Amino acid sequence: DLGRPMYSLPATSGALDGMVAEARGRGADAIIATLPPIRIAGGSFHNAQDLTDLNATIRSIGFSRGIPQVDVFSAVAQGSCFSTLTSFGLEGPGGRVPFATSFPCIGQDGLHPTAQGYEVVAQAFFDLIVQTYDITVSGARAPTRRFPLGSER
């Protein structure tokens, strides 16, 4: 609902914080993630500052609750995606085309990642999950093969 007129940062913040509290109250680990960048098209987005403020609030909830965070915004903004997007015909200050080529991982609707963008998001989650939950067992032996491979018979 970020782009809708009824959007409210305090209400959204409270809802997110409540979801984290409920998940943790049920014994589940929580991971929180920022929203990806947007490309404003034809004034359809309520206020670009809302995204910045919401992502700051998401980060704050993560820090205050001590839960892992995936910075989807940065991952997508810095992602290496092939883009066929060249211009949206949106003239910004000084004749610049805002976000037209700076976020190639965002699709033509300006809101959702491309297929490659979703791969970037998935990799960011994977990296955080491995970093947070993967453990090395000390003293573990390397597995030994009991049966010869086909070429060794």
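How each quantity is defined
- Residues numbered from 1 in each chain as written.
- Predicted model: local features only at pLDDT ≥ 70, side-chain atom pairs only at ≥ 80, totals over all residues.
- Heavy atoms only, no water.
- Helix = DSSP H or I, 4+ residues; strand = E, 2+ residues; numbered from the N terminus.
- Buried < 20%, exposed > 50% of the residue type's maximum accessible area, 1.4 Å probe, protein only.
- Polar contact = N/O pair within 3.5 Å; in protein donor to acceptor, adjacent residues only side chain to side chain.
- Contact = heavy atoms within 4.5 Å.
- Axes fitted to C-alpha atoms, helices over the stretch in contact; angles between N-to-C directions.
- Parallel < 35°, antiparallel > 145°, perpendicular 65-115°, else oblique.
- Left-handed = near helix turned anticlockwise from the far one by under 90°.
- Nonpolar A, V, L, I, M, F, W, Y, C, P; charged D, E, K, R; others polar.
- Salt bridge = Lys/Arg side-chain N within 4 Å of Asp/Glu carboxyl O.

(A) View of the side chain of Thr-34. Within the secondary structure, Thr-34 sits in the loop between β1 (32-33) and α2 (48-65). With relative accessibility at 6%, the residue Thr-34 sits in the buried group. Of note is the side chain of Thr-34, whose polar atom sits 3.1 Å from the side chain of Asp-71. At a separation of 3.0 Å, a polar atom in the side chain of Thr-34 contacts the main-chain amide nitrogen of Phe-73. Sequence-distant contacts of Thr-34, that is, excluding residues within four places in its chain, are made with Asn-55, Ile-58, Arg-59, Val-70, Asp-71, Val-72 and Phe-73.

(B) Representation of the environment of Gly-14 in the model. By secondary structure assignment, the location of Gly-14 is in helix α1 (residues 9-25). With relative accessibility at 40%, the residue Gly-14 sits in the partly exposed group. In this structure the C-alpha to C-alpha distance between Gly-14 and Ile-61, which are 47 residues apart in sequence, comes to 9.7 Å.

(C) Structural context of the packing of α1 against α2. Put simply, α1 and α2 touch, their axes get as near as 10 Å, and they point 30 degrees apart. The angle between α1 and α2 falls in the class roughly parallel. Taken as a pair, α1 and α2 cross one another with a handedness that is right-handed. Residues Leu-9, Thr-12, Ser-13, Leu-16, Asp-17, Val-20, Ala-21 and Arg-24 of α1 lie in contact with α2, whose contacting residues are Asp-53, Leu-54, Thr-57, Ile-58, Ile-61 and Arg-65. Of the residues in the contact of α1 with α2, the class split is seven nonpolar, three polar and four charged.

(D) Structural context of the environment of Asn-55. When you line up the elements, Asn-55 lands in helix α2. Among the residues examined, Asn-55 registers a relative accessible area of 3% and is labelled buried. In this structure the C-alpha to C-alpha distance between Asn-55 and Val-72, which are 17 residues apart in sequence, comes to 9.6 Å. Leave out the neighbours within four places in its chain, and Asn-55 touches Thr-34, Leu-35 and Phe-73.

(E) Highlighting the pattern of salt bridges. On inspection of all chains with the given rule, the structure shows three salt bridges. The partner of Arg-65 in a salt bridge is Asp-17, with the nearest N and O atoms 2.9 Å apart. Of the two residues, Arg-65 is situated in helix α2 and Asp-17 in helix α1; the sequence distance between them amounts to 48 residues. For Arg-65, a relative accessible area of 29% puts it in the partly exposed group.

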